[in-house]
Amino acid sequence: LQHYFIQSNLRMRFNSSMGVALAFVALVQLTLARHHLEKETFEVSYDDDWAGVNKVEENVEEPPVLSKRWTTGMCTRAYPYAYQDGRYCCKYSYEKNSWKGNAGCDGGPISQESRCCYLNKYKKCAYNYCSSKQSNAGTKKILSDLTQKIEDKIKNFSSLASLKEFLEIGDNSLEIYQWEFVNKLVEKWQDLSLDDEMVSWIFNNRTIMEKIMTSGDVDGNLYNEALYIIAEIMRQDPSAKTGLKLDLAVAIGLTFSSEVPSLAYKTAIDGIARYHNFSRWADEGLFFEPFYSLNTWLMRYVVGSWATDEEMVWARDIIKAEWPDYNNPDKIDSVTHKMVKYTMYNDEGTSIQNKNFYYGLPVTLEVLHKYGAVCGGISKFGVAMGQSFGIPGLPVGQPGHCAFIW
């Protein structure tokens, strides 16, 4: 489906037929999942001294300073999952999928026997031994309740027309989106907490949940991370609850649920800071006109740029100062090929395939403009130039070649 959208020049929009199809698939999934859920137990209790591990006070985020004696404790709420025999605590509830395929590092649910952590997001245990802080039993209970509620409503349906009529009622479609959201968390052994007022408000808002669940996949099914990012943006900027700012906030949340690295500096880009910059740039009218009518799915191909925000400012400034005739979305390819010379060797004869081609400099847009590149660098430059003006794009790998679309 994504391939079809791309072939249609990134102009496709989700429509009512797709919404019905998505809901129908979700209803089939929840019916099948129910047979599994019925076998689960959702009531969990813990002894005061669970498995020999001393409990930590609930309102204490970080453990106390270690003494020389053997100490045990729990991982923190921010990094709740213990692994490597209790020596480390992971942010996520499953392992990294190592290319070596080692046991304990194959993308499965994390445990004390696991050897690695998804995205390497971990902290060293502050005790001699740590246990995991939480389970996702509560999330399974949410899924079970939603399953029962939806099944009770649809058990007498006899036709697709009945299903479509059911979905046209706002509360019903909200429950479908909620079910699909929670199901994706359970699939990856993740937890959902609705204690936060803003998180709960988003989870119960049909418009926002529809955007979250119909705007493309989320790497690693980290939908809870996406939800928390969106909630934090809305706390900082209440205008993000509606309109263009809402699409921008959801696009940021979905995209930055996993790290988005800077191509030049190899460090993670701050998604919330990017929201505020894009919000300001949109208010200032710095983007080309198509940006202001993008849906959330397409906006992800803008905000997910590997260029830093500072590089995007440079891109707009240089076009305005030196290439004003190319200041429109139809000429992104033309200005890209004029600004980045196809170059196999630098002035010292060093090949583009050698890491020293750029003299040890971070490969920013400005460096690409100054020293040139081959197809890969040129394509990434073109994508970033378009994104700097609010135009979706991505590089396209081909056998022995790279291109880009926007």
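Residues numbered from 1 in each chain as written. Predicted model: local features only at pLDDT ≥ 70, side-chain atom pairs only at ≥ 80, totals over all residues. Heavy atoms only, no water.

## Focus on the overall build of the protein
Link 1 in the chain: A tally of regular secondary structure across the protein gives 15 helices and 7 strands.
Link 2 in the chain: Taken across its 406 residues, the protein has 49% of its residues classed as buried.
Link 3 in the chain: When contacts within the protein are restricted to residue pairs at least 6 apart in sequence, those whose partners lie at least 24 apart make up 67%.
Link 4 in the chain: When the accessible surface of the protein is summed, it comes to about 20900 Å², and 51% of that surface belongs to carbon and sulfur atoms. (Helix = DSSP H or I, 4+ residues; strand = E, 2+ residues; numbered from the N terminus. Buried < 20%, exposed > 50% of the residue type's maximum accessible area, 1.4 Å probe, protein only. Contact = heavy atoms within 4.5 Å. Areas by Shrake-Rupley, 256 points an atom, 1.4 Å probe, with all protein chains shown as cover.)

## Observations regarding the sheet that holds strand β2 (residues 81-83)
Link 1 in the chain: One open sheet accounts for 3 strands, arranged β2-β3-β4; its pairing is antiparallel. The outermost strands of the open sheet, each flanked by one partner alone, are β2 and β4 (122-124). For this sheet, the mean inter-axis angle between neighbouring strands, taken without regard to orientation, is 30°. (Pairing = 2+ DSSP bridges. Axes fitted to C-alpha atoms, helices over the stretch in contact; angles between N-to-C directions.)

## Examining the pairing of strand β6 (residues 394-398)
Link 1 in the chain: With 5 bridges connecting them, β6 and strand β7 (residues 401-405) associate as antiparallel partners. Paired with L394 across the two strands is I405, which belongs to β7.
Link 2 in the chain: Linkage of β6 to β7, two consecutive antiparallel strands, is achieved through a turn of 2 residues, within which G400 is found at a positive phi near 70°.

## A short note on the packing of helix α7 (residues 206-213) against helix α9 (residues 243-255)
Link 1 in the chain: The interhelical angle for the contact between α7 and α9, taken along N-to-C directions, is 45°, at an axis separation of 10 Å. Taken together, the axes of α7 and α9 lie oblique to each other. Read as a crossing pair, α7 and α9 show a hand that is right-handed. Listed contacts from α9 to T207, I208, K211 and I212 of α7 are L246, D247, V250 and L254.
Link 2 in the chain: Here the residues of the contact of α7 with α9 sort into 5 nonpolar, 1 polar and 2 charged. (Parallel < 35°, antiparallel > 145°, perpendicular 65-115°, else oblique. Left-handed = near helix turned anticlockwise from the far one by under 90°. Nonpolar A, V, L, I, M, F, W, Y, C, P; charged D, E, K, R; others polar.)

## What about the state of the cysteines?
Link 1 in the chain: One pass over the structure, following the stated rule, counts 4 disulfides.
Link 2 in the chain: Between the sulfur atoms of C90 and its disulfide partner C117 the distance amounts to 1.9 Å. Around the S-S axis, the bridge from C90 to C117 shows a dihedral of about 70° and counts as right-handed. One end of the pair, C90, is in strand β3 (residues 88-90); the other, C117, is in the loop between β3 and β4, and 27 residues separate them in sequence.
Link 3 in the chain: The disulfide bridge from C125 ends at C130, spanning 2.0 Å between sulfur atoms. Disulfide C125-C130: the torsion about the S-S bond is 80°, which places it as right-handed. The same class applies to C125 and to C130, which are both buried.
Link 4 in the chain: Each bonded cysteine in the protein gets a number by its place in the sequence, and the pairs come out as 1-2, 3-6, 4-5, 7-8.
Link 5 in the chain: Summary of cysteine pairing: C375 is not part of a disulfide, and the nearest cysteine sulfur, belonging to C402, is at 5.8 Å. (Disulfide = S-S within 2.5 Å.)

## Considering the packing of helix α5 (residues 170-187) against helix α8 (residues 223-236)
Link 1 in the chain: Packing of α5 against α8 leaves a shortest axis separation of 9 Å and a crossing angle of 125°. Taken together, the axis directions place α5 and α8 in an arrangement best described as oblique. Listed contacts from α8 to F181, K184 and L185 of α5 are Y223, N224 and L227.
Link 2 in the chain: Tallied by class, the residues present in the contact of α5 with α8 amount to 4 nonpolar, 1 polar and 1 charged.

## Side note on the nonpolar core
Link 1 in the chain: Core analysis: the largest hydrophobic core is formed by 68 residues, its most contacted members being F181, I202, I212 and F278.
Link 2 in the chain: Formed by 27 residues, the second largest nonpolar core is a distinct cluster that contains I319, V340, L368 and A384. (Core = buried A, V, L, I, M, F, W, Y, C linked by side-chain atoms within 4.5 Å.)

## Observations regarding a nonpolar patch on the surface
Link 1 in the chain: A surface patch of nonpolar side chains, about 350 Å² in accessible area, is lined by Y342, M344 and Y345.
Link 2 in the chain: With respect to the helices, strands and loops of the structure, Y342 is situated in the loop between α13 (332-339) and α14 (365-371). (Patch = residues over 30% accessible without salt bridge, like charges linked within 9 Å, V, L, I, M, F, W, Y side chains within 5 Å. Salt bridge = Lys/Arg side-chain N within 4 Å of Asp/Glu carboxyl O.)

## Some remarks on the environment of L146
Link 1 in the chain: Relative to the assigned elements, L146 resides in helix α3 (residues 137-154).
Link 2 in the chain: Placed 37 residues apart in sequence, L146 and N183 show a C-alpha to C-alpha distance of 10.0 Å.
Link 3 in the chain: Filtering out sequence-adjacent residues up to four positions away, L146 remains in contact with E175, Q178, W179 and V182.

## What to know about α5
Link 1 in the chain: In this model, α5 (18 residues) spans 26 Å end to end at C-alpha, consistent with the 26 Å of a helix rising 1.5 Å per residue.
Link 2 in the chain: Across the 18 residues of α5, 15 count as buried, placing the element largely inside the fold.
Link 3 in the chain: Positive phi shows up at W189, right after α5, with a value of about 55°. (Expected span 1.5 Å × (residues − 1).)

## Concerning the confidence of the model for the protein
Link 1 in the chain: A residue-level look at the protein finds 82% of positions with pLDDT of 70 or above and a mean pLDDT of 83.
Link 2 in the chain: Considering only residues more than four positions removed or in separate chains, one finds that residues 1-17, a stretch of pLDDT under 50, has 23 contacts.
Link 3 in the chain: Note that pLDDT drops below 50 for residues 31-68; the model gives that stretch 50 contacts with residues more than four away or on any other chain. (pLDDT = per-residue confidence, 0-100.)

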